[in-house]
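Observations on chain architecture
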Amino acid sequence: MKKNEFKNIALDGLARQNPVFRLILGTCPTLALSTAVLNGIGMGVAVIFVLVFSNLIISLLRSVIPDKVRIPAFIMVIATFVTIVDMTVAKYLPDLYSSLGVYLPLIVVNCIILGRAESFASSNKPVAAIFDGLFMGCGYTLALVLMCTVREILGAGSFLGIKLWDFSIPFFSKSAGAFLTYGLLLCAFNVIYNAVVKARKKKLYGDYMKEKYADISTEEVQA
Amino acid sequence: MFNKVSIKAIIVLVVIAVLSGVLLSVLYGVLYVSEEEKEQNALKKVYDGELTERPELNEKFSSYENKGKVTKLFRFEDALIVDAVGYGGYGGGWVECYVVIGTDGAIKKVAIVDNNNQSFVGNVTEAILSKNYGEINLYDIEMFKLSENSGSGTLDWSGIVIEYSGGSAAVGEIAFSSGASYTETAVMNAVNSAVYYIKNVYPDVKSFEEGWL
C-alpha cells in the first residue's frame, strides 16, 4: 500500500469522513452512551474491533460473495464479530457490559460498519480495508470520547469516574443535553474543518501560482 | 427455477453461516459465563468478603404481603446479604435489591441490582440509599415506612414562601427525595421484605447473632 493511500485512509477516518461529525452515522449509541468517558472508550474499542475484522473478512471474500446477496452476507459476518465482542466483554468486563447494555449487540446494525463494508471493504484489498476499519473506528472513538468528556464534566462533575467538583448541570446527563452537545460539537467540528481546508487550499493555490509565475516580476503582473 | 447465480448465492450464504456458527461454538466454550459467576460478580460489587454459605430459604416468610419477596440468601463471614425484590415501582415494575445486614442486625448497605421499567432508577443514588437505610438496626424498628414529610415542594405560610426538599424523618421513616418516588417505594418494599424475613426467622437480635455460630 502506498504512503499516500495510507495517509488518505487515515485522514478520511479521522477527519474528512469522520463517521460522527461528517457522515452523521452511528448517532444512536453516540447520544445514548456518551454520559461517561469510560463507556465511550469501551464502545469505541468494540466498534474498532468489529470494523477491522469485518472489513478484513469482507475484503477477502469480495470476489466470492455474489452482488445480490452481499448485504445478508455482510450482516452475518458483522454479527459474528459483534457476538464475539459481546461474549468477551460479558466475561472480562461485566461492569462495562451492564453499562453498554443493549447498545453492544446493536453494533450489528450500526450504519458505520455496514456502510464501510459496502463502500470500501467490498471493493478494496484486505490491507487497505483493515486500515480503513482501524481509522474509521478511531475517528468514531475520538468523536464519542469528546462527546462523553463534555457531558460527563458538565453533567456529573467528574471525568473517567473521578469526581472533579460538586458543581454539575444535570441537563447534560439527559437526552436533551445529548442532542445539544452533539449539535454544538458538530457545528464546531465542521467550522474548524472548513477553515483548515480553506487555509490549506489558499496555501496550495498560493504556492502553485508562485511556482507558475516565478519568472515574471511583480510590475509585469500588475501591468 | 434456480440458475447458477442463485445456487452460488445460496451456497455462499450457507457456508458463511456454518463457518460463523462453528467459530462461535468454539468461542462459547471459552467465553461462557455461568449464572454462578454472574452472581459472584454482582455480590463482589456490593460487598467485599468471602462467601461462606448459601443458606436455604424459609419459604414461609419469603413473601411480604403483596409488596415484595426474598429470593436468595448469601452468608458471608460478617454479613448476610438478602436478595429481595420489591413491587410497586413505576409502571407496575419491580426493583431487585441486595440488603447487606451485619451480624448485629444493622443494615450496612442497600444496593439496587436489577429493575424492570424504572426509567429514573439512576436518580436513586447510593447516597440516598445510605441516608435512608444505612446503619439502621432492623430490630430497632417495626418496618420502614413513608415519612409524612416526604418529597419536596413549596409551603406558602402566611405569605412566607418556604421551599423544602426531602424533609426530616424519624428512624425507620423514609423521606423520598430522589424525584423517583415509585422506584423508591419499590426499594422500600424490597428492604421491608428482607426485614420481615429476618425478624420472623430470627425474632430477636440474640437469635440472629446466634445464627452466626
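Residues numbered from 1 in each chain as written. Chains lettered and ligands numbered in written order. Predicted model: local features only at pLDDT ≥ 70, side-chain atom pairs only at ≥ 80, totals over all residues.

1. Notes on the overall build of chain B
- When helices and strands are counted, chain B shows 5 helices and 10 strands.
- In chain B, buried positions account for 31% of the 213 residues.
- Nonlocal contacts in chain B, meaning residues at least 24 apart in sequence, comprise 60% of its contacts between residues at least 6 apart. (Helix = DSSP H or I, 4+ residues; strand = E, 2+ residues; numbered from the N terminus. Buried ≥ 20, exposed ≤ 12 C-beta atoms within 10 Å, placed from the backbone. Contact = placed C-beta atoms within 7 Å.)

2. Points about the overall build of chain A
- For chain A, the count of helices and strands is 9 helices and 2 strands.
- Reading chain A from its N end, one meets helices and strands in the order α-α-α-α-α-α-α-β-β-α-α.
- Projected onto its principal axes, the C-alpha coordinates of chain A cover approximately 75 × 55 × 25 Å.
- Of all 223 residues assigned to chain A, the portion counted as buried reaches 35%.

3. Here's the deal with the interface of chain B and chain A
- Contacts between the two partners involve 15 residues from chain B and, on the opposite side, 17 residues from chain A.
- Here the element with the most residues in the side of chain B that touches chain A is helix α1 (residues 4-31) of chain B; it accounts for 13 residues.

4. Some thoughts on the packing of helix α1 (residues 3-16) of chain A against helix α7 (residues 126-156) of chain A
Residue and element names in this part refer to chain A.
- With their axes 7 Å apart at the nearest point, α1 and α7 run at an angle of 30° to one another. As the angle between them shows, α1 and α7 are arranged roughly parallel. Relative to α7, α1 is oriented so that their crossing is right-handed. Taking contact as the criterion, the partners of E5, F6, I9, A10, G13 and L14 in α1 are, on α7, A128, F131, D132, F135, M136, C138 and G139.
- For the contact of α1 with α7, the residue count by class is 9 nonpolar, 2 polar and 2 charged. (Axes fitted to C-alpha atoms, helices over the stretch in contact; angles between N-to-C directions. Parallel < 35°, antiparallel > 145°, perpendicular 65-115°, else oblique. Left-handed = near helix turned anticlockwise from the far one by under 90°. Nonpolar A, V, L, I, M, F, W, Y, C, P; charged D, E, K, R; others polar.)

5. Side note on the nonpolar core
- Ranked by internal contacts, the top residues of the largest apolar core, which has 46 residues, are A:V47, A:V50 and A:I78.
- Looking at this core, the elements that each hand over two or more residues are α3 (37-60), α4 (70-92), α5 (94-100), α6 (111-119), α7 and α8 (175-212) of chain A.
- The element that contributes the greatest number of residues to this core is α7(A), accounting for 11 residues.
- Contacts of A:I78, omitting those with residues within four sequence positions, involve A:V50, A:S54, A:V108, A:I113, A:L114 and A:A117.
- Counting 44 residues, the second-largest nonpolar core is a separate cluster that includes B:F74, B:I81, B:C97 and B:A194. (Core = buried A, V, L, I, M, F, W, Y, C linked by C-beta atoms within 7 Å.)

6. Remarks on the pairing of strand β6 (residues 107-115) of chain B
Residue and element names in this part refer to chain B.
- In terms of strand pairing, strand β5 (residues 95-102) meets β6 through 7 bridges, oriented antiparallel. Within β6, the position partnered with V99 by the bridge is V110.
- Here β5 folds back onto β6 in antiparallel fashion, the turn holding 4 residues, of which G105 has a positive phi close to 90°. (Pairing = 2+ DSSP bridges.)

7. A short note on the environment of A:P105
All names here are of chain A.
- Within the fold, P105 resides in the loop between α5 and α6.
- Residues P105 and V82, spaced 23 residues apart in sequence, show a C-alpha to C-alpha distance of 6.3 Å.
- Those residues in contact with P105 that sit more than four places away from it in its chain are V82 and D86.

8. Re the environment of A:C187
- In this fold, A:C187 is placed in helix α8.
- Separated by 143 residues in sequence, A:C187 and A:G44 have C-alpha atoms that sit 22 Å apart.

9. A few points about the pairing of β5(B)
Residue and element names in this part refer to chain B.
- β5 sits mainly inside the fold: 7 of its 8 residues count as buried.
- Of the pairings in the sheet, the one linking strand β4 (residues 79-86) to β5 comprises 8 bridges and is antiparallel in character. Looking at β5, one finds that V82 is bridged to V99.

10. Digging into the packing of α3(A) against α4(A)
All names here are of chain A.
- Remark: α3 packs on α4, axes separated minimally by 9 Å, with the N-to-C direction vectors making an angle of 145°. Handedness of the α3/α4 crossing: right-handed. Here A46, F49, V50, F53, S54, I57 and I58 of α3 lie close against α4, whose contacting residues are F74, V77, I78, F81, V82, V85 and V89.

11. Let's talk about unusual backbone geometry
All names here are of chain B.
- Of note, E65 is a non-glycine position whose phi angle comes to about 50°, a positive value.
- When you line up the elements, E65 lands in the loop between β2 (63-64) and β3 (68-76).
- Overall, E65 belongs to the exposed group, with 11 C-beta atoms counted inside 10 Å.
- One non-glycine residue, E135, lies in positive phi territory at about 60°.
- Secondary-structure assignment places E135 in the loop between α3 (126-133) and β7 (145-146).

12. Considering the confidence of the model for chain A
- Here chain A shows a mean pLDDT of 88. Residues at 70 or above account for 93%.
- No element of chain A has a lower mean pLDDT than helix α9 (residues 218-222) of chain A, at 62, and none a higher one than α3(A), at 94. (pLDDT = per-residue confidence, 0-100.)

13. Things to note about the environment of B:V113
Residue and element names in this part refer to chain B.
- Residue position: V113 is located in strand β6.
- Accessibility expressed as a C-beta count within 10 Å gives 16 for V113, which makes it partly exposed.
- With 85 residues separating them in the primary sequence, V113 and I198 have C-alpha atoms 20 Å apart.

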